[in-house]
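Take a look at the letters that make up each chain.
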Amino acid sequence: VDKKISSVIDVLKEGRCALASALASYKYMITYGQVETIAQLINAWFQITFAGWNWVFMDGVWLITLALLLPLAKPAAKLASTRPTASILGAHTIASALGVFVLHFIFTAISLWYLFSQDWFQCRKWDENDVSDVSAIGDNYESEVIWLITGYQYISSAIG
C-alpha cells in the first residue's frame, strides 16, 4: 500500500471523476428523455412514426453505447481548485438540462423549417384517419429528418 501524501490527491481525483461521471450520466439520461419527447410530439403532430430500424439504432446503438461509455471517464491529470456539482436538482444541473432542451428544440424546428422550404418536398397527406400501417407512416422525409436530428442530439448530449 502506498502511504504517501500524494495518494490523498489521487483519491480526491478519482472521487471527483466518479461524481462528475455519475452526474454526466444522469444529465445524459435526462436529455435523452427530452430529445425523445420532442421527437415523439413532432411525430404525433404529423401522424408519423420512425421506421423499425430507426428504433433499433436509437435505443440499441446510440442509447446503450453512449450510456455505457459515459462512466468510463478517467480522472483529470491535475486536481482542479473547484469541485463538480454534487446536487442532482441544483441550479447548475437544471440550467444545463433546460439549456440543452431549448437548443435541441430550436435546432429541430430549424431543420423541419428547412425541409418544408424545399421545392421538391411535399408533406405526407393521409387520406384517412387510420394510421395502423406502421410501414406506411414510417416511410417519409419528416421522420427521417427528425431521426437524423435526434441522433446528433443524442451524441451532443453525451459529449456535453
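Okay, the pattern of salt bridges next. Enumeration according to the criterion identifies one salt bridge in this entry. A salt bridge links Lys13 to Asp10; the shortest N-O distance between them is 3.7 Å. Pair noted here: Lys13 and Asp10 are both in helix α1 (residues 6-46), with a separation of three residues, about one helical turn. A relative accessible area of 41% places Asp10 in the partly exposed class.

With that settled, the discussion passes to the nonpolar core. In this structure, Tyr28, Ile146 and Tyr154 are the most contacted members of the largest nonpolar core, which totals 22 residues. When contributions to this core are tallied by element, the ones reaching two or more residues are α1, α2 (52-69), α3 (91-116) and α5 (141-159). A total of seven residues in this core trace back to one element, the largest contributor, which is α1.

Let us now look at a nonpolar patch on the surface. Together, Val102, Phe105, Ile106, Ile110, Trp113 and Tyr114 make up a nonpolar patch on the protein surface, roughly 680 Å² of accessible area in all. Position of Trp113 relative to the elements: it lies in helix α3.

Let's shift gears to the packing of aromatic side chains. Per the counting criterion, the structure on display carries 13 aromatic pairs. Both rings, one in Trp120 and one in Phe121, keep their centres 6.2 Å apart while their planes meet at 90°; by these two values the pair is edge-to-face. Since its relative accessible area comes to 51%, Trp120 is described here as exposed. A network of ring pairs unites the aromatic residues Tyr28, Tyr32, Trp53, Phe57, Trp62, Trp147 and Tyr154 as a single cluster.

This brings us to the side chain of Asn140. With respect to the element layout, Asn140 can be found in the loop between α4 (134-137) and α5. Residue Asn140 is classed as buried on the basis of its relative accessible area of 8%. Engagement of the side chain of Asn140 in a polar contact is seen with the backbone nitrogen of Glu142, the distance being 3.3 Å. A distance of 2.7 Å separates a polar atom in the side chain of Asn140 from the backbone nitrogen of Ser143. Other than its neighbours up to four places away in sequence, Asn140 contacts Ile48 and Arg124.

Even without a glycine there, the phi angle at Gln47 is positive, about 55°. Residue position: Gln47 is located in the loop between α1 and α2. Among the residues examined, Gln47 registers a relative accessible area of 37% and is labelled partly exposed.

Any region with low pLDDT has predicted coordinates that should not be read closely. Of the residues in the chain, 91% reach a pLDDT of 70 or more, and the chain-wide mean stands at 84. The spread of mean pLDDT over the elements of the chain runs between α4, the lowest at 69, and α3, the highest at 90.

Quick notes on the rules
Residues numbered from 1 in each chain as written. Predicted model: local features only at pLDDT ≥ 70, side-chain atom pairs only at ≥ 80, totals over all residues. Heavy atoms only, no water. Salt bridge = Lys/Arg side-chain N within 4 Å of Asp/Glu carboxyl O. Helix = DSSP H or I, 4+ residues; strand = E, 2+ residues; numbered from the N terminus. Buried < 20%, exposed > 50% of the residue type's maximum accessible area, 1.4 Å probe, protein only. Core = buried A, V, L, I, M, F, W, Y, C linked by side-chain atoms within 4.5 Å. Patch = residues over 30% accessible without salt bridge, like charges linked within 9 Å, V, L, I, M, F, W, Y side chains within 5 Å. Areas by Shrake-Rupley, 256 points an atom, 1.4 Å probe, with all protein chains shown as cover. Phe/Tyr/Trp six-rings, centres within 6.5 Å; stacked < 30°, edge-to-face > 60°. Polar contact = N/O pair within 3.5 Å; in protein donor to acceptor, adjacent residues only side chain to side chain. Contact = heavy atoms within 4.5 Å. pLDDT = per-residue confidence, 0-100.

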